[in-house]
Amino acid sequence: MYIVEKIGDLILITIEDEISISEINQIRQKLIKLASISKDDVVVSIYCSDTDKNKKQKLALEINNLLKYCDELGLRVYSYKS
């Protein structure tokens, strides 16, 4: 599950538990639409404590790819994980 929302110059991405590659692609498309100003900051909140180890590794890889994508868009990223 994920939520992407924009509050002022802040884009908040919340990711909980499992997320699929298609959902990561949906987040990327939303970022393109929302990140109209390069001064926007992105906060990524990740909650995956109930996810098993193999799924956590896959999730971490997808999230790292998402963070790299934010960097390519020129967005500053702040993230936290629980």
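Above this note sits the structure.
Asks: What exactly am I supposed to notice about the nonpolar core here?
Replies: One recurring pattern in soluble globular proteins: nonpolar side chains tend to sit buried together. Counting residues in hydrophobic clusters, the biggest one holds 18 residues, and the most contacted among them are Ile13, Ile15, Ile19, Ile27, Leu31 and Val42. Counting only elements with at least two residues in this core, the list comes to β1 (2–7), β2 (10–16), α1 (21–34), β3 (41–47) and α2 (53–72). Ranked by residues supplied to this core, first place goes to α2 with 5 residues. Once residues lying within four places of it in the same chain are set aside, the contact partners of Ile15 are Met1, Tyr2, Val44, Ser45, Ile46, Tyr47, Leu59, Ile63 and Leu66.

Asks: Whenever I open this one, α1 confuses me. Can you help?
Replies: In an α-helix, one full turn covers 3.6 residues, which means residues spaced three or four apart are oriented alike. Between the first and last C-alpha of α1 there are 20 Å, a value that for 14 residues agrees with the 20 Å anticipated at 1.5 Å per step. If you check which residues of α1 are buried, you get Ile24, Ile27 and Leu31. All buried residues of α1 fall inside an arc of 55° around its axis, so they share one side. Among the structural elements, β1, β2 and α2 are those in contact with the buried residues of α1.

Asks: Can you help me understand α2 in this one?
Replies: Between its first and last C-alpha, α2 extends 29 Å over 20 residues, near the 28 Å set by a 1.5 Å rise per residue. Restricting attention to buried positions, one finds in α2 the residues Leu59, Glu62, Ile63, Leu66, Tyr69 and Cys70. Taken end-on, α2 shows its buried residues confined to a sector of 110°, consistent with a single buried face. Facing away from the buried side of α2 by more than 90 degrees, the exposed set consists of Lys53, Asn54, Lys68, Asp71 and Glu72. Immediately beyond the C-terminal end of α2, within one or two residues, lies Gly74, with a positive phi of roughly 85°.

Asks: What am I meant to see in the packing of α1 against α2 here?
Replies: Helix-helix packing: each pair is described by the crossing angle between the helix axes and the interaxial distance. The N-to-C vectors of α1 and α2 enclose an angle of 15°; their axes lie 11 Å apart at closest approach. The orientation of α1 with respect to α2, classified from their angle, is roughly parallel. Judged by the twist between their axes, the crossing of α1 over α2 is right-handed. Contacts from Ile21, Ile24, Ile27, Arg28, Leu31 and Ile32 of α1 reach α2 at Glu62, Asn65, Leu66, Tyr69 and Cys70. Across the contact of α1 with α2, the residue classes tally to 8 nonpolar, 1 polar and 2 charged.

Asks: It is not clear to me how the sheet that holds strand β4 (residues 76–81) should be interpreted in this structure. Could you clarify?
Replies: Spatially, 4 strands are ordered β1-β2-β3-β4 in an open sheet, and the strand pairing comes out mixed. The outermost strands of the open sheet, each flanked by one partner alone, are β1 and β4. Taken pair by pair, the neighbouring strands of this sheet meet at an average axis angle of 15°, ignoring direction. By the bridge criterion, 6 bridges tie β1 to β2 in an arrangement that is antiparallel. Each residue of the ladder has a partner; that of Lys6, found in β2, is Ile11. Contacts from α1 reach β1 and β2, with the element oriented near 10° to β1.

What counts and what doesn't
- Residues numbered from 1 in each chain as written.
- Predicted model: local features only at pLDDT ≥ 70, side-chain atom pairs only at ≥ 80, totals over all residues.
- Heavy atoms only, no water.
- Core = buried A, V, L, I, M, F, W, Y, C linked by side-chain atoms within 4.5 Å.
- Buried < 20%, exposed > 50% of the residue type's maximum accessible area, 1.4 Å probe, protein only.
- Helix = DSSP H or I, 4+ residues; strand = E, 2+ residues; numbered from the N terminus.
- Contact = heavy atoms within 4.5 Å.
- Expected span 1.5 Å × (residues − 1).
- Arc of directions from axis to C-beta.
- Axes fitted to C-alpha atoms, helices over the stretch in contact; angles between N-to-C directions.
- Parallel < 35°, antiparallel > 145°, perpendicular 65-115°, else oblique.
- Left-handed = near helix turned anticlockwise from the far one by under 90°.
- Nonpolar A, V, L, I, M, F, W, Y, C, P; charged D, E, K, R; others polar.
- Pairing = 2+ DSSP bridges.

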